[in-house]
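# Observations on the model geometry
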Amino acid sequence: MRLRNAVAVLSAVGLAFGLASCSSNGDNAATGAAGANYVRTFGTEPQNPLLPGDTNEVGGGNIIDLLFSGLVYYDAEGEIHNELAESIETQDSQHFTVKIKDGETFSDGSPVTAHSFVDAWNYSVENSQLGAYFFKPILGYKEGVKEMEGLKVEDDHTFTIELTQPEADFPTRLGYSAFYPLPESAFADMKAFGENPVGNGPYKLLEWNHNQDATVVPDETYSGDRKAKNDGVQFVFYSKQDAAYADLLAGNLDVLDQVPDTAFATYQDELADRSVNKPGAVFQSITLAGNDDRFSGEAGKLRREAISMAIDREEITKTIFEGTRTPATDFTSPVIPGHSDSLKGTDVLKFDPAKAKELWDEAEKMEPFTGELTIGYNSDGGHQAWVDAVANQLRNNLGIEANGAPTPDFKTLRDDVTERTIKGAFRTGWQADYPSLGNFLGPLYGTGGGSNDGDYSNPAFDDKLKQASGAQDLEDANKFYNEAQEILLKDLPAIPLWYSNTVGGHSENVDNVEFSWKSVPVYYEITKK
């Protein structure tokens, strides 16, 4: 998970408007013989091939962020720096001219050009990849379109972007993986490329042993600021977080960013100054399947409200999570600038079992509920305890049959969700991609959003997002984003549960371990003793 306070994250948004001069010149050299001493860290099997435009989960995302570099990157504090971009200039926040640094290459020696970005972005939209939604502001965006007219290559190192309306925070988003470039070789066979990608980041893929591990090693051709200070990073895919924590204590794992709930009472004593527990930009929820008719229409709306009010978030965060979670008051995160804990409609997030039963009974008069309510979750993520607690509260407070429905791992759960084969409810969560309220809202609840797991669609909500994107400053944008959230509180496409702290630790075998504003270890800074 993550850490960083609102002040640090706010600086990232502020810098978005002056990106042309936000480049630094660090020159850190990789140390040690290649492959001699990898940093072993916790990971999960990527859901899809390692394609930047088709990855929206952390298992693949953490690897891709090391294999590729974008126009900009976010440092540990959330501040934005140019990486591939020499400059990103605009006079009106609608028309942007991007100049790429000369001499940049992919790990196979092929050049990074303007086409590397434009072709990758167009491919994502044409093939309806999971990240295609992020290109929606660009003129000519339409699902399946071959080329967006708002993208023009001027020369090898220059391209322009035209949006459908001014969006002052658009440059803030360009460090997200959906905007990474691809080499020309990728387009010959994209699926094969995703199994063995050629990137332009600080690391290159050494091997990916499916359902076991993936190892990245320093890319000697990388010339940016994120130089690797270790011999490589090995992501180890565990079936249980308890096993990962045991390996951390034994020194067989170096970095763990998700301490299991079974260790919440002991990990700070066991790890001492090698532990971390700090606020992070991570939001957790339950989503109700959009293809489950039991939660549609007026009766479905009442049931969503009833389920939300039947959950005692305070009790669960206190007894199960022991202060490492905070009950949610919205759909974003308190560490993001503009967050509000006083939105209209938040009563639906307060525990009120009597009101919940009243709403459920009212829905029953309209249309009886059939079958049980299952809550899908991945067994490798440490979710069983809270899912069982929620199911128990729903049984007791609503008088229904509710049970957890585990899948063996995160990839399996995400496959079921993506393919829309899952029914009932399932756990969902969001780890920020860039520091904006909009990042928690558009991708998850905007019509056609790549992570809109409940297939929610409300034109009034979409309009608020558009108004926020076109706002002249951050204060106005956040006003519209919070008005959009008040619509979500009425519709409840997902049921907010709590915000997650960055709760992790590291072994005695490594130094310089820091968790970024996104709750992700800054892998390239970690050194092995």
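Everything numeric here is computed off the predicted structure, so don't read it as measured data.

Cut-offs applied
- Residues numbered from 1 in each chain as written.
- Predicted model: local features only at pLDDT ≥ 70, side-chain atom pairs only at ≥ 80, totals over all residues.
- Heavy atoms only, no water.
- Core = buried A, V, L, I, M, F, W, Y, C linked by side-chain atoms within 4.5 Å.
- Buried < 20%, exposed > 50% of the residue type's maximum accessible area, 1.4 Å probe, protein only.
- Helix = DSSP H or I, 4+ residues; strand = E, 2+ residues; numbered from the N terminus.
- Salt bridge = Lys/Arg side-chain N within 4 Å of Asp/Glu carboxyl O.
- Pairing = 2+ DSSP bridges.
- Axes fitted to C-alpha atoms, helices over the stretch in contact; angles between N-to-C directions.
- Contact = heavy atoms within 4.5 Å.
- UniProt positions renumbered as here; feature names shortened; annotations may be inferred.
- Parallel < 35°, antiparallel > 145°, perpendicular 65-115°, else oblique.
- Left-handed = near helix turned anticlockwise from the far one by under 90°.

## Section: the nonpolar core
In this structure, Trp121 and Leu394 are the most contacted members of the largest nonpolar core, which totals 148 residues. Judged by nonpolar contacts, the second largest core, of 5 residues, contains Leu413, Val417, Ile422 and Phe426.

## Looking at the environment of Pro459
On the secondary structure map, Pro459 appears in helix H13 (residues 459-469). Given a relative accessible area of 66%, Pro459 falls into the exposed group. Counting along the chain gives 350 residues from Pro459 to Gly109, while the straight-line C-alpha distance between them is 46 Å.

## Thoughts on the pattern of salt bridges
Counting across every chain of the model gives 20 salt bridges. Note that Glu83 and Arg226 form a salt bridge whose closest N and O atoms lie 3.0 Å from each other. Highlighted residues: Glu83 in the loop between strand E3 (80-82) and strand E4 (85-90) and Arg226 in the loop between strand E9 (213-218) and strand E10 (233-237), separated in sequence by 143 residues. As far as the burial class goes, Glu83 and Arg226 line up, both buried. Of the charged contacts in the structure, one is a salt bridge between Lys464 and Glu483, with a shortest N-O distance of 2.7 Å.

## Some remarks on the sheet that holds strand E7 (residues 158-162)
Overall, antiparallel pairing links the 4 strands, which are arranged E4-E5-E7-E6 in an open sheet. Only two strands of the sheet have a single neighbouring strand rather than two, namely E4 and strand E6 (151-155). The average undirected angle you get between the axes of adjacent strands in this sheet is 20 degrees. Pairing analysis gives 5 bridges linking strand E5 (residues 95-100) to E7, with the strands arranged antiparallel. Bridge pairing in E7 links Lys99 to Thr158. Strands E5, E6 and E7 of the sheet are contacted by helix H3 (residues 114-126), whose axis makes an angle of about 165 degrees with E6.

## Brief notes about the side chain of Asn452
Along the polypeptide, Asn452 turns up in the loop between helix H12 (437-445) and H13. Looking at Asn452, the relative accessible area reads 4%, which means it is buried. Contacts of Asn452, omitting those with residues within four sequence positions, involve Arg420, Pro443, Leu444, Tyr445, Gly446 and Thr447.

## Focus: the UniProt feature "domain: Solute-binding protein family" (unreviewed entry) in the chain
The positions UniProt marks with the feature "domain: Solute-binding protein family" (unreviewed entry) are residues 79-451. In the segment residues 79-451, helix accounts for 27% and strand for 22%; the C-alpha atoms at its two ends are 25 Å apart.

## Remarks on the pairing of E9
Counting buried positions along E9 yields 6 of 6 residues, so the element is predominantly enclosed. Pairing between strand E8 (residues 203-209) and E9: 6 bridges, direction antiparallel. From the neighbouring strand, Leu205 faces E9, where its bridge partner is Val216. The turn linking E8 back onto E9 is made up of 3 residues, and Asn211 within it adopts a positive phi angle of 65 degrees. Note that E9 and E10 share 4 bridges and pair antiparallel. When the bridges of E10 are listed, Ala214 appears paired with Phe235.

## Topic: the environment of Ala354
Here Ala354 is to be found in helix H9 (residues 353-366). Along the chain, Ala354 and Met309 lie 45 residues apart, while their C-alpha atoms are 8.9 Å from each other.

## Brief notes about the packing of helix H7 (residues 297-309) against H9
Put simply, H7 and H9 touch, their axes get as near as 8 Å, and they point 160 degrees apart. Classified by the angle between their axes, H7 and H9 sit roughly antiparallel to one another. By crossing handedness, the relation of H7 to H9 is classed as left-handed. Facing H7, whose interface residues are Glu298, Ala299, Leu302, Arg303, Glu305, Ala306, Ile307 and Met309, H9 presents Pro353, Lys355, Ala356, Leu359, Trp360, Glu362, Ala363, Glu364 and Met366.

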